[in-house]
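Structural overview
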Amino acid sequence: MQNQFSRTELLIGEENVKKLQNSKVAIFGIGGVGSFVVEALARVGIGKFILIDKDIVDITNLNRQIIATTKTVGQSKVQVAKERILEINPEANVEIFQEFFMPDSKGILDETVDYIVDAVDTVTAKIELVIRANKLNVPIISCMGTGNKLDATKFEVADIYKTQVCPLAKVMRKELKNRGIKKLKVVYSKEEPIRNDNIDGKRVPASISFVPSVAGLIIAGEVIKDLIK
């Protein structure tokens, strides 16, 4: 008898589908990258989600975030993402935190989490996530910069200390080395960032629909493969 995961089961097997259904994944940052991570994990049958993001859907998110539509502008990103997950898989359990994750954040991560996805922009938060993941012995994958990029074929999965070109990865390498962190799986782009003009006198990262989405899907693939290996 077919069900919504029948095609997935043909590829990875019934045992692995059940393993994913019993897994809990925490996704920090539900933006251009994180929203596509959530989408792919929901469709593969991940059973438990923790979603963390302070922001609401903004009209500028329409160009790249799968949760952003004209109907969701102004709504909480984590709430919109939760509703989307449950529309795909009503059996999923989704816990949401509408807050910015920072070093003083409490009550989100514990040893019941099977995987952590870092799709936030702030270096301080990214470093804290890695530190906590190491303390909890929970696997983590971190996304480096996807802004100011136009070539989605330049993404690679690597250890942070083997990255190059990406400015954010350079900062992360230095900060993690200073803290004695010896490894971190990341998705990063080897494309040189494209310089962009200011908007209303403020420099903001340029973005496009098909770059952060690709990074998010690559991350989801790594999470899935690691959980079932």
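Residues numbered from 1 in each chain as written. Predicted model: local features only at pLDDT ≥ 70, side-chain atom pairs only at ≥ 80, totals over all residues. Heavy atoms only, no water.

A word on the packing of aromatic side chains. Evaluated as defined, the whole model comprises 1 aromatic pair. On the basis of an interplanar angle of 70 degrees and a centroid distance of 5.0 Å, the ring pair of F28 and F101 is categorised as edge-to-face. Here F28, found in strand β1 (residues 24-28), pairs with F101, found in the loop between β3 (93-97) and β4 (115-118); they are 73 residues apart in sequence, far enough to count as distant. As far as the burial class goes, F28 and F101 line up, both buried. (Phe/Tyr/Trp six-rings, centres within 6.5 Å; stacked < 30°, edge-to-face > 60°. Helix = DSSP H or I, 4+ residues; strand = E, 2+ residues; numbered from the N terminus. Buried < 20%, exposed > 50% of the residue type's maximum accessible area, 1.4 Å probe, protein only.)

Another aspect to go through is the sheet that holds strand β5 (residues 140-143). An order of β3-β2-β1-β4-β5-β7-β6 is seen for the 7 strands of this open sheet, with the pairing classed as mixed. At either margin of the open sheet sits one strand with a lone partner, and together these are β3 and β6 (155-159). With strand direction ignored, the average angle separating the axes of adjacent strands in the sheet is 20 degrees. Set on the sheet, helix α4 (residues 77-88) makes contact with β2 (48-52) and β3; between it and β3 the angle comes to about 175 degrees. Contacts from helix α5 (residues 123-136) reach β1, β4 and β5, with the element oriented near 170 degrees to β5. (Pairing = 2+ DSSP bridges. Axes fitted to C-alpha atoms, helices over the stretch in contact; angles between N-to-C directions. Contact = heavy atoms within 4.5 Å.)

Let us look at the packing of helix α2 (residues 14-21) against helix α7 (residues 212-228). Taken N-terminus to C-terminus, the directions of α2 and α7 make an angle of 110 degrees; their axes are 9 Å apart at the nearest point. Classed by the angle they form, the pair α2 and α7 counts as roughly perpendicular. With respect to the hand of their crossing, α2 and α7 are arranged in right-handed fashion. Mapping the contact onto sequence places N16, K19 and L20 in α2 and I224, L227 and I228 in α7. Of the residues that constitute the contact of α2 with α7, the class distribution is 4 nonpolar, 1 polar and 1 charged. (Parallel < 35°, antiparallel > 145°, perpendicular 65-115°, else oblique. Left-handed = near helix turned anticlockwise from the far one by under 90°. Nonpolar A, V, L, I, M, F, W, Y, C, P; charged D, E, K, R; others polar.)

This next bit is on the packing of α5 against helix α6 (residues 167-178). Orientation of α5 relative to α6, taken along the N-to-C sense of each, is 50 degrees, at an axis distance of 11 Å. On the basis of their axis angle, the class for α5 and α6 is oblique. Judged by the twist between their axes, the crossing of α5 over α6 is right-handed. On α6, the residues that touch V123, K126, I127 and V130 of α5 are L168, V171, M172, E175 and L176. Tallied by class, the residues present in the contact of α5 with α6 amount to 7 nonpolar, no polar and 2 charged.

The subject of this paragraph is α2. Since the α-helix turns once every 3.6 residues, residues separated by three or four places project in the same direction. Residues N16, V17 and L20 constitute the buried set of α2. Take α2 and look down its axis: the buried residues cluster within an arc of 105 degrees, on one side only. Looking at the buried side of α2, the elements it contacts are α1 (6-12), α3 (34-44) and α7. (Arc of directions from axis to C-beta.)

Here the focus is unusual backbone geometry. Unusually for a residue other than glycine, N148 sits at a positive phi of about 60 degrees. Considering the arrangement of structural elements, one finds N148 in the loop between β5 and β6.

On to α3, then. α3 sits mainly inside the fold: 10 of its 11 residues count as buried. Listed in full, the buried residues belonging to α3 are G34, S35, F36, V37, V38, E39, A40, L41, A42 and V44. Backbone geometry just after α3 places G45 at a positive phi near 100 degrees.

Here we take up the side chain of T163. Within the secondary structure, T163 is located in the loop between β6 and α6. Under the relative-accessibility criterion, T163 is labelled buried at 7%. There is a polar contact of 2.6 Å between the side chain of T163 and the backbone oxygen of I160. There is a polar contact of 2.8 Å between the side chain of T163 and the side chain of R173. (Polar contact = N/O pair within 3.5 Å; in protein donor to acceptor, adjacent residues only side chain to side chain.)

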